[in-house]
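Understanding the architecture of this molecule
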Amino acid sequence: MQINITPEFRDDADVGAVKAIVNKCVHCGFCTATCPTYQVLGDELDGPRGRIYLMKQMVEGAPVTAKTQSHLDRCLTCRNCETTCPSGVRYGRLVDIGRRYVDERVVRPLSQRIERWLMRETLSRRQIFSFLHGVGRMLRPLLPATLKKKIQVAPAAGSWPAATHKTKMLLHVGCVQPALMPNVDAATARVFDKLGIELVIASDAECCGAIRQHLSDHHGAEAQMKRNIDAWWPHVENGVETIVINASGCGVMIKDYAEILAHDPAYAAKAERIAKMAKDVSEILPSYQAHLSMMATTKHAGGIPERVTYHPPCTLQHGQKIRGPVEGLLGALGVTVRLCQDSHLCCGSAGTYSMLQPALSQDLLGRKLTNLLKTEPQEIVSGNVGCINHLQSGTDVPVRHWIELIDRMI
């Protein structure tokens, strides 16, 4: 697909990426078959191909309107279309840039500006979110049903390993997970401890930047990325080679640091190093499968469910292109793992999407849970805090991180 950039955009740092990505699109339409919003709405402009046309027309000088903004807003950024695309179109990167372009030219209504500001300034700040979540839990009986479902009682975090080990890895703890699901980080640390690996937390590290990035606060996102690099860098200099990530939404963002900061001479090389160090837990633990198998109890002991259904997060299977290791590892440890019908489709969480687009989000949640519950699971496991929280809001079947299951087994 050819594109002719107008002078208005030619000096923008990201316009080269826009041109390269759009040029790869051959307008085949395969992406529409796996786009969740196109399946629900049936509108060409609410599918990847239509949105690419909107962004192409924008940088070629067409008027940019609130309608353009709305169609881009309705994208989940699930990147399922990237998995489907035969031409390798990097749609996720394109839509992030396109949203920024639109937001710089179309003023949102005041209510939307306030809502987005509140999300950026609360969800991306660990201490503020933890405080507000605690208040929300106290007021939970008084809250509307939709909000009450989102503020769930988190299981207590178990003990953190006290042992030290020669092998050390950094653990990225993120912004909302410590408050929503404190046991996930603790369970991760316990599993790695059993493997002779000490997980270290850089106290000054913060949100990965994804929340601000996807809400078009690119400057704020880049500032968070740089602060994280600064927080991790002393550990890198001391020999740490891996950043362990147990929230796939954070993982896909951190792996993009190199590209996002490529134009910053002070951080480009460091960002590239950090991006290569970032590993989802599912990329690390299969190497220790034999060791874990020796420690694991049988699936009938210790409260281990016989039937587990795995929901692969979009940020893992489409964003990071990681498919198979979680099911393989759990299966090797004696757990019967199922995938539901249309397991490639988004559950509707998508970071802040469930709050910004509640009707679409709930529609997608209903479709996902219908398919998940057809597998008759005793437990549903996933690998991203947003997916887990969103799915749990619609079912009484326990929804947990798969690392917690392994922690219970060993």
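This section reports on the structure supplied with the text. Remember, it's a predicted structure, so these values are computed and weren't measured experimentally.

Scanning the protein from N- to C-terminus turns up 24 helices and eight strands. The globule rule puts the C-alpha radius of gyration for 410 residues at 22 Å, and the 21 Å found for the protein is close to it. Each of the three principal axes of the protein carries a C-alpha extent, and together these read 65 × 50 × 45 Å. Taking all contacts inside the protein whose residues are at least 6 apart in sequence as the whole, residues at least 24 apart take part in 75%. Within the structure as shown, the protein displays about 17400 Å² of accessible surface, and the carbon and sulfur contribution to it stands at 55%. The centroid of the 47 positive side-chain charges in the protein is displaced by 3 Å from the centroid of its 40 negative side-chain charges.

The next subject is the pattern of salt bridges. Enumeration according to the criterion identifies 31 salt bridges in this entry. For Arg105, the salt bridge goes to Glu8, with nearest N and O atoms at 2.7 Å. With a gap of 97 residues between them, Arg105 in the loop between α6 (91–103) and α7 (110–123) and Glu8 in the segment before α1 (15–24) connect regions that are remote in the sequence. For the salt bridge of Glu60 with Lys56, the shortest nitrogen-to-oxygen distance reads 3.1 Å. Glu60 sits in the partly exposed class, given a relative accessible area of 27%. Taking the relative accessible area as the measure of exposure, Lys56 reaches 12% and is therefore buried.

With that settled, consider the sheet that holds strand β2 (residues 197–200). Judged by pairing direction, the sheet is parallel, and its four strands sit side by side in the order β2-β1-β3-β4 without closing on themselves. A single partner strand is all that each edge strand has here, and the edge strands are β2 and β4 (278–280). Going from strand to strand, the sheet's axes swing by 40° on average, the running direction of each strand aside. With four bridges connecting them, strand β1 (residues 167–172) and β2 associate as parallel partners. Looking across to β2, one finds that Thr167 is bridged to Ile197. Each of β1, β2 and β3 (243–245) is contacted by helix α11 (residues 182–194), which is oriented at about 150° to β2, the strand it contacts most.

Once that is clear, we can look at α6. A rise of 1.5 Å per residue sets the reference length of α6, with its 13 residues, at 18 Å; its end C-alpha atoms lie 18 Å apart and thus fit the reference within 8%. For α6, a buried count of twelve out of 13 residues is recorded, marking the element as mostly surrounded by other parts of the structure. Turning to α6, its buried residues are Tyr91, Gly92, Arg93, Leu94, Val95, Asp96, Ile97, Gly98, Arg99, Arg100, Tyr101 and Val102.

Moving on, we come to the sheet that holds strand β8 (residues 399–401). One open sheet holds the four strands; their spatial order is β6-β5-β7-β8, and the pairing between them is parallel. Two strands in the sheet have a free side with no partner beyond their single neighbour: β6 (336–338) and β8. Within the sheet, the average angular offset between the axes of one strand and its neighbour, ignoring direction, is 35°. Where strand β7 (residues 379–382) meets β8, three bridges bridge the pair, whose relative direction is parallel. Across the sheet, Ile380 pairs through a bridge with Val399, a residue of β8. In this fold helix α24 (residues 402–409) packs onto β5 (307–310), β7 and β8, with an angle of close to 80° to the strand it touches most, β8.

This part takes up the packing of aromatic side chains. Considering all chains together, one arrives at one aromatic pair under this definition. Ring centres of Phe9 and Tyr101 lie 4.9 Å apart, and the angle between their planes is 55°; on these two criteria the pair is classed as tilted. Residue Phe9 is located in the segment before α1, and its partner Tyr101 is located in helix α6; the two are separated by 92 residues in the primary sequence. For the pair formed by Phe9 and Tyr101, the shared burial category is buried.

On to the environment of Ile274. Mapped onto the elements of the fold, Ile274 is located in helix α16 (residues 268–277). Not counting the four nearest positions on each side in its chain, Ile274 is found in contact with Ile229, Trp232, Trp233, Val236, Ile243, Ile254 and Tyr257.

As paired strands, β1 and β3 are joined by three bridges and run parallel to one another. Considered in β3, the bridge of Leu170 is made with Ile243.

To continue, consider a nonpolar patch on the surface. The grouping of Leu110, Ile114, Trp117 and Leu118 at the surface amounts to a nonpolar patch, some 400 Å² of accessible area in total. Within the element layout of this structure, Leu110 appears in helix α7.

What counts and how
Residue numbers here run from 1 along each chain, matching the order of that chain's written sequence. Under the rules for a predicted model, residues below a pLDDT of 70 receive no local features and side-chain atom pairs below 80 are neither given nor counted, while totals for whole chains, interfaces and linings still include all residues. Hydrogen atoms and water are omitted, and side-chain values are computed over all heavy atoms in the structure. Secondary structure elements follow DSSP: runs of H or I of four or more residues count as helices, runs of E of two or more count as strands, with numbering from the N terminus. As a reference, a globule follows 2.2 Å times the number of residues to the power 0.38, and the radius of gyration itself is taken over C-alpha atoms. Whether two residues are in contact is decided by their heavy atoms, any of which lying within 4.5 Å being enough. Reported accessibility uses the Shrake-Rupley method at a 1.4 Å probe radius. Residues are deemed covered only where the shown protein chains occlude them. Asp and Glu count as negative and Lys and Arg as positive, but His and the ends of the chain are not part of the count. To locate a charge, take NZ of a lysine, CZ of an arginine, CG of an aspartate or CD of a glutamate. Here a salt bridge means any side-chain nitrogen of Lys or Arg lying within 4 Å of a carboxyl oxygen belonging to Asp or Glu. Throughout this description, buried means an accessible area under 20% of the type-specific maximum (1.4 Å probe, protein chains only), exposed means over 50%, and partly exposed covers the range between. Should DSSP find at least two bridges between two strands, the strands are taken to pair. Simply put, an axis is a line fit to the C-alpha atoms, just over the touching stretch for a helix, and the angle between two N-to-C directions goes from 0 to 180 degrees. By this rule the span expected of a helix is its residue count minus one, scaled by 1.5 Å. Note on aromatic pairs: the rings of Phe, Tyr and Trp (six-membered ring only in Trp) are paired at centre separations within 6.5 Å, and the planes decide the class, stacked below 30 degrees, edge-to-face beyond 60, tilted for the rest. Patch members must show over 30% relative accessible area and no salt bridge, and they are joined within 9 Å when carrying like charges or within 5 Å when they are nonpolar side chains of Val, Leu, Ile, Met, Phe, Trp or Tyr.

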